[in-house]
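Spelled out from the first residue to the last, the chains are:
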Amino acid sequence: MNNKIIKEVDKILKERRLIVLERTKNAKEELLFNEEYAHLIKKRRLNTLVLSRAFSANIDCTEYEILDKKLNNDIKNIEDKYLKCNDFYFCKICRDTGKINGKYCQCFMSIYKQMLHNKSGINDLPIFKFKDNTIQEINCKQANSLNVLYNSMQKYCKFFPNNDLKNILLCGKVGVGKSCLLSAILNELIERSIDAQYLTAYKLNSLFFKYHTTDFREKEVIMENLIESDVLIIDDLGTEPILKNVTIEYLIVLLNERINKHTIIATNLSLSEIQAKYGDRVFSRLINKQKARIIYIDGNDLRLNSK
Ligand SMILES: [Zn+2]
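Definitions and cut-offs
Residues numbered from 1 in each chain as written. Predicted model: local features only at pLDDT ≥ 70, side-chain atom pairs only at ≥ 80, totals over all residues. Heavy atoms only, no water. Axes fitted to C-alpha atoms, helices over the stretch in contact; angles between N-to-C directions. Helix = DSSP H or I, 4+ residues; strand = E, 2+ residues; numbered from the N terminus. Parallel < 35°, antiparallel > 145°, perpendicular 65-115°, else oblique. Contact = heavy atoms within 4.5 Å. Core = buried A, V, L, I, M, F, W, Y, C linked by side-chain atoms within 4.5 Å. Buried < 20%, exposed > 50% of the residue type's maximum accessible area, 1.4 Å probe, protein only. Domains from an automatic or database assignment. Expected span 1.5 Å × (residues − 1). Polar contact = N/O pair within 3.5 Å; in protein donor to acceptor, adjacent residues only side chain to side chain. Donors = N, O, S within 2.8 Å, 3.2 Å for Na, K, Ca; no water. Tetrahedral: all angles 85-135°; square planar, octahedral: opposite > 155°, others 65-115°. Pairing = 2+ DSSP bridges.

Visitor: Looking at this model, I keep getting lost on the packing of helix α9 (residues 247-257) against helix α10 (residues 271-286). Mind explaining?
Guide: Each pair of packed helices gets described by two things: the angle between the helix axes and the distance between those axes. In the contact formed by α9 and α10, the axes pass within 10 Å of each other and the chain directions differ by 5°. Viewed along their axes, α9 and α10 adopt a mutual orientation that is roughly parallel. Where α9 approaches α10, its residues Thr247, Ile248, Leu251, Ile252, Leu255 and Asn256 are matched on the opposing element by Lys277, Tyr278, Arg281, Val282, Arg285 and Leu286.

Visitor: Which parts of the structure should I look at to understand the nonpolar core?
Guide: Inside soluble globular proteins, nonpolar side chains tend to come together where they are buried. Met153 and Ile185 are the most contacted members of the largest nonpolar core, which has 41 residues in total. When residues of this core are assigned to their parent elements, the largest contribution, seven residues, is made by helix α6 (residues 178-191). The residue makeup of this core includes at least three contributed by each of domain 1 (3-100) and domain 2 (121-305). Those residues in contact with Ile185, other than ones at most four positions away along the chain, are Phe130, Met153, Cys157, Ile233 and Ile264.

Visitor: Looking at this structure, I do not really get helix α1 (residues 3-31). What am I missing?
Guide: For the α-helix, the turn length of 3.6 residues means that residues three or four positions removed from each other point alike. The terminal C-alpha atoms of α1, which comprises 29 residues, lie 42 Å apart, in line with the 42 Å expected from a rise of 1.5 Å per residue. Its side-chain oxygen placed 2.9 Å from the backbone nitrogen of Lys4, Asn2 serves as the N-cap of α1.

Visitor: Help me understand the domain arrangement of the protein chain, please; the structure alone is not making it clear to me.
Guide: The accessible area lost on association of the parts is a frequent measure of interface size. One can read the domain layout of the protein chain as domain 1 (3-100) and domain 2 (121-305). Relative placement of domain 1 and domain 2: their C-alpha centres are 56 Å apart.

Visitor: Just checking my understanding: could you explain the coordination of the zinc ion for this structure?
Guide: Angles between donor atoms at a metal ideally measure 109.5 degrees for a four-coordinate tetrahedral arrangement and either 90 or 180 degrees for a six-coordinate octahedral one. Those donors, Cys91 (SG), Cys94 (SG), Cys105 (SG) and Cys107 (SG), are the protein atoms that reach the zinc ion, and they lie 2.2 to 2.3 Å from it. If you look at the zinc ion, its four donor atoms make angles of 99 to 112° with each other, and the shape they trace is tetrahedral. In terms of primary sequence, the donors binding the zinc ion are separated according to C-x2-C-x10-C-x1-C. Of this pair, Cys94 sits in the loop between α3 (62-86) and β1 (99-100) while Cys107 sits in helix α4 (residues 106-119), and the two are 13 residues apart along the sequence. Overall, the relative accessible area of 5% leaves Cys94 in the buried class. In this structure Cys107 comes out as buried when scored by relative accessible area, which is 12%.

Visitor: Is there a simple way to explain the side chain of Asp195 in this structure?
Guide: Topologically, Asp195 is positioned in the loop between α6 and β4 (196-200). Accessibility expressed as a relative area gives 2% for Asp195, which makes it buried. Side chain to side chain, Asp195 and Asn2 meet in a polar contact 2.8 Å long. In this structure Asp195 touches Asn2, Leu116, Lys119, Glu228, Ser229, Asp230 and Val231, once residues within four positions along its chain are discounted.

Visitor: Just checking my understanding: could you explain the sheet that holds strand β6 (residues 262-267) for this structure?
Guide: Through backbone hydrogen bonds, the strands of a sheet pair up, either in parallel or in antiparallel fashion. Reading across the sheet, the five strands line up as β4-β5-β6-β3-β7 and stay open at both edges, with parallel pairing between neighbours. The open sheet has two edge strands with one neighbour each: β4 and β7 (292-297). Neighbour-to-neighbour, the strand axes of the sheet open up by a mean angle of 15°, direction not taken into account. As defined by bridge partners, β4 adjoins strand β5 (residues 231-237) across five bridges and the pair is classed as parallel. Residue Ala196 lies in a different strand from β5, and its bridge partner there is Val231. Across the sheet, helix α5 (residues 143-158) touches β3 (167-172), β6 and β7, and the angle it forms with β7 is around 150°. The strands that α6 touches are β3, β4, β5, β6 and β7; relative to β5, the one it contacts most, it runs at about 170°.

Visitor: I'm lost on the pairing of β3 in this one. Help?
Guide: Regular strands place side chains that alternate from one sheet face to the opposite one. With six of six residues buried, β3 lies mostly within the body of the structure. Residues of β3 alternate between two faces, with Asn167, Leu169 and Cys171 on one and Ile168, Leu170 and Gly172 on the opposite face, all of them buried. Examined bridge by bridge, β3 and β6 share five bridges and lie parallel to one another. Along β6, the bridge assignment pairs Asn167 with Thr263. Bridge count for β3 against β7 is six bridges, and the pairing is parallel. Bridged to Leu169 within β7 is Ile294.

Now the structure itself:
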């Protein structure tokens, strides 16, 4: 799990606990307007006074001690009843601690997933999940192979990170279904609380340029997210302009830093075009025989077909 996000969630839960404390305090103050409660509080105060005097005078205190116990009990009963009615906790299961029996509570995981979702870049993709896959119903020549591919990628997500694949290169022309597949992968990974991030090669290139031109202190923040995501999905590799000393150089740095992490790249380019455009150093890092899988999607344009 992403430690930075865990800290953010802890911060939210801490704020919730402070709100609960404030609400409890206010409720106790409101309780003083309850006649029975106010009467008991007054009676206990008087009894405490009598009790301490009797004690100092060495008089038998038993009677007052019994009364003190009873008053405490009656006061607690009213407090419990009243405060329970108000039930201030955001999460009744873990009482906003975020943990239950040493494991993260569902409230914690729900905030965590929302944060993964927010930073994932998923809003730049079409809304599509594996369950939305109706490719077998579409009349196109790549339907069967796409269906096999969807099933295989669904398995990849299901067993993540327990597979040897580190790089997946998804090659295919515009409109063959790459973006929907990437969206389904990203949705599934986030649903499984995996830190996955999507961005286009164009956006990545802009970040590289920002990294190249920015102040030293801010550099780390720009690269940190890209390097640390469990899965980085780069779409449309090849559509971005090649900036001298930037695009290829930082792509190599990024791929080197992510050597033990998962990176999925979608491109309209063929392998030879990738090699020609990015050179051998990028190419060899993408096409590592032991850890990479290259998938070709060819056939008709699904977007034209579904019209
Ligand atoms: Zn909870």
